[in-house]
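Inside the fold
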Amino acid sequence: MKKLSFIFCTLWLNAQESYPVEWDVVANIREEGFQRSEIANTLSYMTDVLGARLTNSEDMRRAQDWAVKEMQRIGLNNIEIEPFMDYGVSWDNTFFSLHMIEPDYQTMVGYPIAHTPGINGRQKLEVVRIDIKTKADLDKYRGQLRGKAVLASPQVPIDQNRYRDGVKRYTEEQLKDISEKPLPKSPRGPRGPANPELVGSEERNAFFKAEGVEVILESRSGWIAAVRGFARPGAKKDKWDRKETLDHLPLVAVTPEHYNRMVRIAERNIPIKIDIEIQTKIGRKRRQARNVLGEIEGADLKDQVVMLGAHFDTWHASPNASDNTSGVAVMLEAMRILKAVGVKPRRTIRIALWSGEEQGIHGSREYVNKHFGNPTNPNVGKKGGYDRYSAYFNQDYGPGQYRGIYLQDNEHVRQAFTSWIRPFKDLKMTTIAAQSVGSTDHIPFDRAGLPAFQFLQDRVGGTGGHTNLDFYDTIPIEDIQKNAVIVASFVYHTAMLEERLPRKEK
Ligand SMILES: [Zn+2]
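An account of the accompanying structure is given in this report. Keep in mind it's a predicted model, so treat the numbers as computed, not measured. (Residues numbered from 1 in each chain as written. Predicted model: local features only at pLDDT ≥ 70, side-chain atom pairs only at ≥ 80, totals over all residues. Heavy atoms only, no water.)

**Remarks on the sheet that holds strand 4 (residues 110–112)**
Within the open sheet, the eight strands sit side by side as 3-2-9-5-6-7-8-4. Their pairing is mixed. The open sheet is flanked by strand 3 (106–107) and strand 4, the only strands paired with a single partner. Pairing of strand 2 (residues 91–102) with strand 3, which is carried by two bridges, proceeds in the antiparallel orientation. When the sheet's bridge partners are listed, M100 is paired in strand 3 with Q106. (Pairing = 2+ DSSP bridges. Helix = DSSP H or I, 4+ residues; strand = E, 2+ residues; numbered from the N terminus.)

**Considering the nonpolar core**
If you look at the biggest cluster of nonpolar residues, it comprises 66 residues, and the most contacted ones within it are F393, F417 and F490. Residue contacts for F417: discarding those within four places in its chain leaves F393, I405, L407, I432, F453, F490 and L501. Counting residues in hydrophobic clusters, the runner-up holds 23 residues, among them V215, Y259, V263 and I272. (Core = buried A, V, L, I, M, F, W, Y, C linked by side-chain atoms within 4.5 Å. Buried < 20%, exposed > 50% of the residue type's maximum accessible area, 1.4 Å probe, protein only. Contact = heavy atoms within 4.5 Å.)

**Let's talk about the pairing of strand 2**
The sheet contact formed by strand 2 and strand 9 (residues 272–282) spans ten bridges and is antiparallel. Residue pairing across strands places D92 opposite K281, the latter belonging to strand 9.

**Digging into unusual backbone geometry**
Here the bond from E102 into P103 is cis, since omega is 5°, no more than 30 degrees from zero. Among the secondary structure elements, P103 is positioned in the loop between strand 2 and strand 3. The omega torsion across D323 and N324 is 10°, close enough to zero to call that bond cis. With respect to the helices and strands, N324 occurs in helix 11 (residues 321–340). The backbone of N320 shows a phi angle near 50°, a positive value even though the residue is not glycine. You can see N320 is positioned in the loop between strand 11 (301–311) and helix 11.

As structure tokens, then:
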């Protein structure tokens, strides 16, 4: 018994020696982050004043100029707006209104889909219900749609559970489960060949255009009151082209309950009329999309870098307070805290506010390719920064507080992270989860063999990203305060190590 506990103690002490916690620095970080937090102000400015930030929009350009000023105010060095790819023309919605005027008056909630054109002035249009699945269905509607608005998608099933049950924080039991077993991956069965008779959305929209339709209405969200608005089908393929955008029909997403009301009226063969106006501003010149970066310079190892970041771009129907303005606020606040407490990190600490994440993780991928490279990809190769890179920490799973961190299948960092979460036990930051998680800006780093991590975050209420309902008011400010403190400490400790953070063997 004695011997066992001796061995246990030795192991524990070893872990502490290799990856010590600098408790005095943690105390300073906690004091600054909890007693003089500026995160609510930062989040409010971004969501209330800057608003939505669609990649490459004028909104985004304005916001990036603000980010530069904010980084200057915090006292960062080497602040830079770095272009990363040719990203087509800008698109901004400048005015929208939609009302049902027959058979009953109702203000309708909707939003234009990105990279679609506006319409000429304010128009009153007859609305018809369309049900097109196969090529044969097209014939039913030929010659009948000129000058009309079409309800192009089927009635949307409403997700009632979401409203009845709400969203709950993780229980200790659930966290234990996550730490012990991998998250279930949804199995991918064999995919049958695509049915050549089916009509895809691009083909369907082109048919509407050829038939003289004025505007396409659709609803693809089952969340009450929410419009989930993305981009025009095909926009990514034609690289957000001006001509393709102008040639397309106006396309409007409507909340499911308003949309379904129109569908049900149409199914009774009762005429529907809407009053609609859409104004958009479409750029004339193709431009580069850009990331914003800033640094706290390191000391003896200043050529090496530890990074933290979040995507600054959003979808366009709201300021997207949760996705991902909350992540950006956390990372900016973490940098502010580190500057305010006057840390002198050995390695350079660099913040990145990415763009083009929502369209396919473009900003971070291009950044990794350019600065670090990818030795396993012969088209990219290894770049100068590869060996001078230590780690990247990202936030993009909503505004919930950190309850742990995912190892991203890198067992070699378990010891470090086990040590560094110790000062945050009181904040319920306790879980080390082995598995890899995906779908955001740490992935390009991970794919290149570079350590990059997402924290395990509580699921909290609010309306979630990609909707018209994602505003300041639903963000749990205390949660993101804690996150800023935790990520500041993780980044600091990574920057102070003797060695770079260990990488996966393979
Ligand atoms: Zn996101």
